[in-house]
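# An overview of the molecular structure
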Amino acid sequence: MRTRPSLALLALLGAMSAASAETPGDGVPKDVVPATPRTIKVAPLKDLPTPYTPGAIGAVPGPSSKTPDVAFGAYQRGQYATAFREATKRIEADPKDAAGMTLVGELYNQGLGVRQDPVKAAEWYRLAAAQGDAHAMAALGLMAIDGRGGPKDPKAGRAWLEQAAAKGDVTASYNLGLLLLGTGAPADLARAASLFEKAAQGEIGAAQHNIGVLYLQGRGVPKDASKAADWFRRAADNGDLAGEVEFAILLFNGTGLPKDEVRAARYFTHAASRGNAIAQNRLSRLFAVGRGVQKNLVEAAAWNLAASAQGLTDAWLDQTLTGLSAEERSRAEKLAADRAGGN
């Protein structure tokens, strides 16, 4: 199982509680799909791609773009012992091979093909960083902040992240943005937004979600719902679950882009099937009133049960679904159980 350095940072996350919607006389909520309250909460660092994660943005493939990188290729195929052997052979031939050093550091850091050893990982990262490798600098930053492979040193960790971000490492930009977000200073908030946007341009889904939230709130950047919607869409395309839910909400309500309830329902369905409680709640509401999907109270009850099991209750849905027959409720319970088992 892969391991990553972890630390508690202030991150932008949508609150996992449904907003209460005003209900007019016809019994249907005025806001069928309310927005999610957005607060700043303490959360662990996201498991972002490492420099040598297969398909990672910005990975350095080897000493020359014209030379096949046998070590990196072996890493991508999961042949970690071969990757270690080939990388060390390269370093013996070229003591300044920064990409090879970073790969060896990553293998020691994760314990792939070799015994896991954070101290050795940090040593190899430092050798690579001395050669100007931005990915190694980013890794050293996280390790220093987390106290992994050496004493905990947030100041040194931030300095490493600053150097890596200045060299264009997008994951360093994202993590440095998270650090700055926690200070509360307006200047740091504006810089955090700038760093998130750089990471977002590098197709980091979590950064795309975060800059979208800032544009939606007008924090650190001018308020712009259209830009927020675009960033949430890109986050969804990159598999970011929070971004997918936010985009579906804006799409359903026509905030920052043309309203499209059917398309929004598809995004909610995908996010709900991935286990997101907010998406499950909103999809349940759509099935309950027949918006974007055909009305189906059994489906509504099933998704409401799924969201409720995660602590997201909805009094309006509970009341709306009280008229289900015993057979319909049994079907809904089975659907909810089957979906929970599939996650």
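Parameters and conventions
Residues numbered from 1 in each chain as written. Predicted model: local features only at pLDDT ≥ 70, side-chain atom pairs only at ≥ 80, totals over all residues. Heavy atoms only, no water. Axes fitted to C-alpha atoms, helices over the stretch in contact; angles between N-to-C directions. Helix = DSSP H or I, 4+ residues; strand = E, 2+ residues; numbered from the N terminus. Parallel < 35°, antiparallel > 145°, perpendicular 65-115°, else oblique. Left-handed = near helix turned anticlockwise from the far one by under 90°. Contact = heavy atoms within 4.5 Å. Nonpolar A, V, L, I, M, F, W, Y, C, P; charged D, E, K, R; others polar. Core = buried A, V, L, I, M, F, W, Y, C linked by side-chain atoms within 4.5 Å. Buried < 20%, exposed > 50% of the residue type's maximum accessible area, 1.4 Å probe, protein only. Expected span 1.5 Å × (residues − 1). Polar contact = N/O pair within 3.5 Å; in protein donor to acceptor, adjacent residues only side chain to side chain. pLDDT = per-residue confidence, 0-100. Phe/Tyr/Trp six-rings, centres within 6.5 Å; stacked < 30°, edge-to-face > 60°. Salt bridge = Lys/Arg side-chain N within 4 Å of Asp/Glu carboxyl O.

### Details of the packing of helix α11 (residues 241-253) against helix α12 (residues 261-273)
In a packed pair of helices, the relevant descriptors are the angle between the two axes and the axis-to-axis distance. For the pair α11 and α12, the least separation of the axes is 8 Å and the interaxial angle reads 160°. It follows from the interaxial angle that α11 and α12 lie roughly antiparallel. The element α11 and its partner α12 pack so that their crossing is left-handed. Two secondary-structure elements touch here, α11 through Leu241, Glu244, Val245, Phe247, Ala248, Ile249, Leu251 and Phe252 and α12 through Glu261, Arg263, Ala264, Tyr267, Phe268, His270 and Ala271. Residue composition of the contact of α11 with α12, by class: 11 nonpolar, one polar and three charged.

### Quick notes on the nonpolar core
Formed by 95 residues in total, the largest nonpolar core has its most connected members in Phe196, Ile211, Phe268 and Leu286. Per-element accounting of this core gives the leading share, eight residues, to helix α5 (residues 134-146). Among all residues touching isoleucine 211, those that are not within four sequence positions of it are Ala193, Phe196, Glu197, Ala200, Val221 and Trp231.

### Re α12
Compared with the 18 Å implied by 1.5 Å per residue over 13 residues, the 18 Å span of α12 between its first and last C-alpha is a close match. On its buried face, α12 is in contact with α10 (225-237), α11, α13 (277-289) and α14 (297-309). Among the residues of α12, the N-terminal cap falls to aspartate 260, whose side-chain oxygen and the backbone nitrogen of valine 262 are separated by 3.4 Å.

### So, the confidence of the model for the protein chain
Per-residue confidence for the protein chain gives a mean pLDDT of 84; residues scoring 70 or more make up 81%. Below a pLDDT of 50 lies the segment residues 1-25, which in the model reaches 86 contacts outside its immediate sequence neighbourhood of four places, other chains included.

### Quick look at the environment of aspartate 117
Topologically, aspartate 117 is positioned in the loop between α3 (98-110) and α4 (118-130). Each C-alpha atom, one on aspartate 117 and one on glycine 149, is 7.7 Å from the other, the two residues being 32 residues apart in sequence. Only 3.1 Å separates the side chain of aspartate 117 from the backbone nitrogen of valine 119, close enough to count as a polar contact. At a separation of 3.1 Å, a polar atom in the side chain of aspartate 117 contacts the main-chain amide nitrogen of lysine 120.

### Quick notes on unusual backbone geometry
Most peptide bonds take the trans configuration, and most residues that are not glycine carry a negative phi. The phi angle at glutamate 203 is positive, at roughly 65°, despite the residue not being glycine. Within the fold, glutamate 203 resides in the loop between α8 (186-201) and α9 (205-217).

### A look at the packing of aromatic side chains
According to the stated counting rule, one finds four aromatic pairs in the structure shown. When the ring of phenylalanine 84 is compared with that of tyrosine 108, the centres are 5.6 Å apart and the planes differ by 90°; the resulting orientation is edge-to-face. Taken together, the residues span a long stretch of sequence, with phenylalanine 84 in helix α2 (residues 80-93) and tyrosine 108 in helix α3 at a distance of 24 residues. With a centroid separation of 4.9 Å and an interplanar angle of 75°, the aromatic rings of phenylalanine 247 and tyrosine 267 are classed as edge-to-face. Within this pair, whereas phenylalanine 247 is found in helix α11, its partner tyrosine 267 is found in helix α12, the two being separated by 20 residues in sequence. An identical accessibility class is assigned to phenylalanine 247 and tyrosine 267; each is buried.

### Concerning the pattern of salt bridges
Opposite charge on two side chains makes pairing possible when the charged atoms of those side chains draw close. Applying the stated criterion across every chain yields a total of 15 salt bridges. Among the ionic pairs, glutamate 86 bridges to lysine 89, the shortest N-O distance being 3.5 Å. Of this pair, glutamate 86 and lysine 89 are both found in helix α2, three residues apart, which corresponds to roughly one turn of the helix. We classify glutamate 86 as buried; its relative accessible area is 18%. Across the salt bridge formed by glutamate 261 and arginine 291, the nearest N and O atoms sit 2.8 Å from each other. A residue pair is termed long-range when its members are at least 10 positions apart, and glutamate 261 in helix α12 and arginine 291 in the loop between α13 and α14 qualify at 30 residues. Since its relative accessible area comes to 29%, arginine 291 is described here as partly exposed.

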